[in-house]
Amino acid sequence: MDWSFLIVLAIAGGFFLWRQSKNAEAAKVANARLERGTRLYQRIKEGMREYHWREREQPLWRAKHGELVFETAHMSAFHVSHVGFYFKDLDEYGLYGFFAGNGDEFFESYYRTDRTFQEEGQLLHKMSDL
């Protein structure tokens, strides 16, 4: 019996098991980030529904830069370069922006940000409405 073949086979098997565990850990981290992003994306959409509902009573876009435009038990909305939100239960900040293009084109943007609303961080999320 060739023991060197068995040793190489055991080392290769150990390596593949180690790589599989590393890939599983990376997948868990990526999935957690996607879930956090999806939760924030949904909350920004909820915040914009509230924003549009309140805007019927008064034009919120006239607020000064950085000014609090409304607050609920779960969120605060601010007038910044976009619409900024702080979600109290998530302890996260989000931004919503839009751009009207030529004709019927309309582009929406959702970002993760910090308390200054200056950073426009990538927000990974599931595209379907949950």
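One can find the structure itself at the top, above this paragraph.
Residues numbered from 1 in each chain as written. Predicted model: local features only at pLDDT ≥ 70, side-chain atom pairs only at ≥ 80, totals over all residues. Heavy atoms only, no water.

A. Structural view of the sheet that holds strand 5 (residues 106-113). Spatial ordering of the open sheet is given by 1-2-3-4-5, a layout of 5 strands whose pairing is antiparallel. Each edge of the sheet is formed by a strand with only one pairing partner; in this case those strands are strand 1 (67-71) and strand 5. With direction set aside, neighbouring strand axes in the sheet form an average angle of 25°. (Pairing = 2+ DSSP bridges. Helix = DSSP H or I, 4+ residues; strand = E, 2+ residues; numbered from the N terminus. Axes fitted to C-alpha atoms, helices over the stretch in contact; angles between N-to-C directions.)

B. Quick look at the pairing of strand 3 (residues 83-87). When you tally the buried positions in strand 3, you get 5 out of 5 residues, the bulk of the element. Burial of strand 3 is two-sided: the residues Val83, Phe85 and Phe87 facing one way and the residues Gly84 and Tyr86 facing the other way are all buried. In this structure, strand 2 (residues 75-79) lies alongside strand 3, joined through 5 bridges in antiparallel fashion. Along strand 3, the bridge assignment pairs Met75 with Phe87. The turn linking strand 2 back onto strand 3 is made up of 3 residues. (Buried < 20%, exposed > 50% of the residue type's maximum accessible area, 1.4 Å probe, protein only.)

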